[in-house]
Amino acid sequence: MKTKISKITIGLILLLVSVSNSVFCGITDSIQNYSIKHRWTIKTTVAAYKCWDQDFADVVVGDFEQVVNVNRANFRMEANYGINKYIEIGIFAGFQHYVYEYPIGEEEANDTIFSYVILKKSYAPVFGINVNFQLLPLFVTEKSCRWDVYLIARYGGCLLPHKEFNYNNDKRYRQEYGVGTGIAYYFGNRIGVNSEFLLGNFSYFSRYVDSKISFRLGISCKI
């Protein structure tokens, strides 16, 4: 009887160990086999960045005016390369959708000159670098894993082909930077989805609107 109970106990222990190791690609505190060294990861992501232009409420009465800064698309492609077991470095490039004032003429009335402008759409190139520290190689024992969990440090810039206002002295080059975390899940261990959350400066129009957070969604591919 004791022998039977011992066998059942051992079987349950082995089952629990097997389940716990398979939940998250085989996590343990001893052996470390998983590595991102020499791995390429290609990402296509999009985020909503706050811009200086504003939406006005349908009804504007007296002191009840309401303005909301517009969120416009920030699209980019990114390539990361694993230089060792934990760290990958990468570059990205893409575009930022925004609008700018375009003068269409002047008119003089009562010794006052009025300037007329319209808002035109444009796309500004964005580019930058990032460093990711992958956390799963610290724990995972399997040779491959369908998950990525990582810390991010990022710096980038944006070059406006047109300044938002002709009369200001702002430079055309604007910067962004921040730190955060990301997670990805791969279907078939190749193609997957990812999301990233960062804190820092993510406004290319910081003189007119602030944005301290960035939330990106996209598609990832491991090579």
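Scroll up a little and you will see the structure.
Residues numbered from 1 in each chain as written. Predicted model: local features only at pLDDT ≥ 70, side-chain atom pairs only at ≥ 80, totals over all residues. Heavy atoms only, no water.

Q: I'd like to hear about the overall build of the protein, residue by residue, with values.
A: For the protein, the helix and strand inventory stands at 1 helix and 8 strands. Scanning the protein from its N terminus toward the C terminus, one meets helices and strands in the order α-β-β-β-β-β-β-β-β. Relative to its 223 residues, the protein shows a buried fraction of 35%. Of the accessible surface of the protein, which amounts to about 13,600 Å², a share of 63% is contributed by carbon and sulfur atoms. (Helix = DSSP H or I, 4+ residues; strand = E, 2+ residues; numbered from the N terminus. Buried < 20%, exposed > 50% of the residue type's maximum accessible area, 1.4 Å probe, protein only. Areas by Shrake-Rupley, 256 points an atom, 1.4 Å probe, with all protein chains shown as cover.)

Q: Talk me through the state of the cysteines; I want residue IDs and the actual numbers.
A: With the rule as written, the count across this model stands at 0 disulfides. Not part of a disulfide, Cys158 finds its nearest cysteine sulfur in Cys51, a span of 9.0 Å. Take Cys158: its relative accessible area is 0%, and that puts it in the buried class. (Disulfide = S-S within 2.5 Å.)

Q: Give me the lowdown on unusual backbone geometry, citing residues and values where you can.
A: Positive phi values are uncommon outside glycine, yet His38 reaches one of about 70°. Looking at where His38 falls in the secondary structure, it is placed in the loop between helix H1 (2–23) and strand S1 (40–56). Unusually for a residue other than glycine, Asn189 sits at a positive phi of about 65°. With respect to the element layout, Asn189 can be found in the loop between strand S6 (173–187) and strand S7 (191–201).

Q: I'd love a proper account of a nonpolar patch on the surface, names of residues and values included.
A: Side chains of Ile91, Phe127, Ile129, Tyr155, Leu159, Tyr173 and Tyr177 sit close together on the surface and give an oily, nonpolar patch of about 670 Å² of accessible area. Those elements that place two or more of their residues in the nonpolar patch are strand S4 (112–134), strand S5 (147–159) and S6. You can see Phe127 is positioned in strand S4. (Patch = residues over 30% accessible without salt bridge, like charges linked within 9 Å, V, L, I, M, F, W, Y side chains within 5 Å. Salt bridge = Lys/Arg side-chain N within 4 Å of Asp/Glu carboxyl O.)

Q: Which residues make up the packing of aromatic side chains, and what are the values?
A: Note on aromatic pairs: each is described by the distance of the centres and the angle between the planes. Counted by the stated rule, this structure contains 13 aromatic pairs. Between Phe95 and Tyr123, the ring centres sit 5.4 Å apart and the planes meet at 85°, which makes this aromatic pair edge-to-face. One end of the pair, Phe95, is in strand S3 (residues 87–109); the other, Tyr123, is in strand S4, and 28 residues separate them in sequence. Aromatic side chains Tyr98 and Phe205 sit 5.9 Å apart centroid to centroid with 40° between the ring planes, which places their arrangement in the tilted category. (Phe/Tyr/Trp six-rings, centres within 6.5 Å; stacked < 30°, edge-to-face > 60°.)

Q: Explain the environment of Cys158 residue by residue, including any values.
A: Inspection of the secondary structure puts Cys158 in strand S5. The spatial distance from the C-alpha of Cys158 to the C-alpha of Phe95 is 8.1 Å, given a sequence separation of 63 residues. With sequence-adjacent residues up to four places away left out, Cys158 is seen in contact with Gln96, Ala124, Pro125, Val126, Arg172, Tyr173, Arg174 and Tyr204. (Contact = heavy atoms within 4.5 Å.)

Q: Pulling in residues and values, what's your account of the nonpolar core?
A: Judged by nonpolar contacts, the single largest core of 19 residues is most densely connected at Tyr98, Cys158, Leu160, Tyr204 and Phe205. Those elements that provide at least two residues to this core are S1, S3, S4 and S5. Here this core gets 4 residues from one element, more than from any other, and that element is S1. When near neighbours in sequence (up to four residues on either side) are disregarded, Leu160 contacts Tyr98, Ala124, Arg172, Arg174 and Phe205. Judged by nonpolar contacts, the second largest core, of 7 residues, contains Cys25, Tyr34, Cys145 and Val149. (Core = buried A, V, L, I, M, F, W, Y, C linked by side-chain atoms within 4.5 Å.)

Q: An account of the pattern of salt bridges is requested, with residue identities and associated values reported.
A: Applying the stated rule across the entire model yields 9 salt bridges. The closest approach of N and O atoms between Asp170 and Arg207, which form a salt bridge, is 2.8 Å. Taken together, the residues span a long stretch of sequence, with Asp170 in the loop between S5 and S6 and Arg207 in the loop between S7 and strand S8 (213–222) at a distance of 37 residues. When its relative accessible area of 54% is taken as the criterion, Arg207 is described as exposed.

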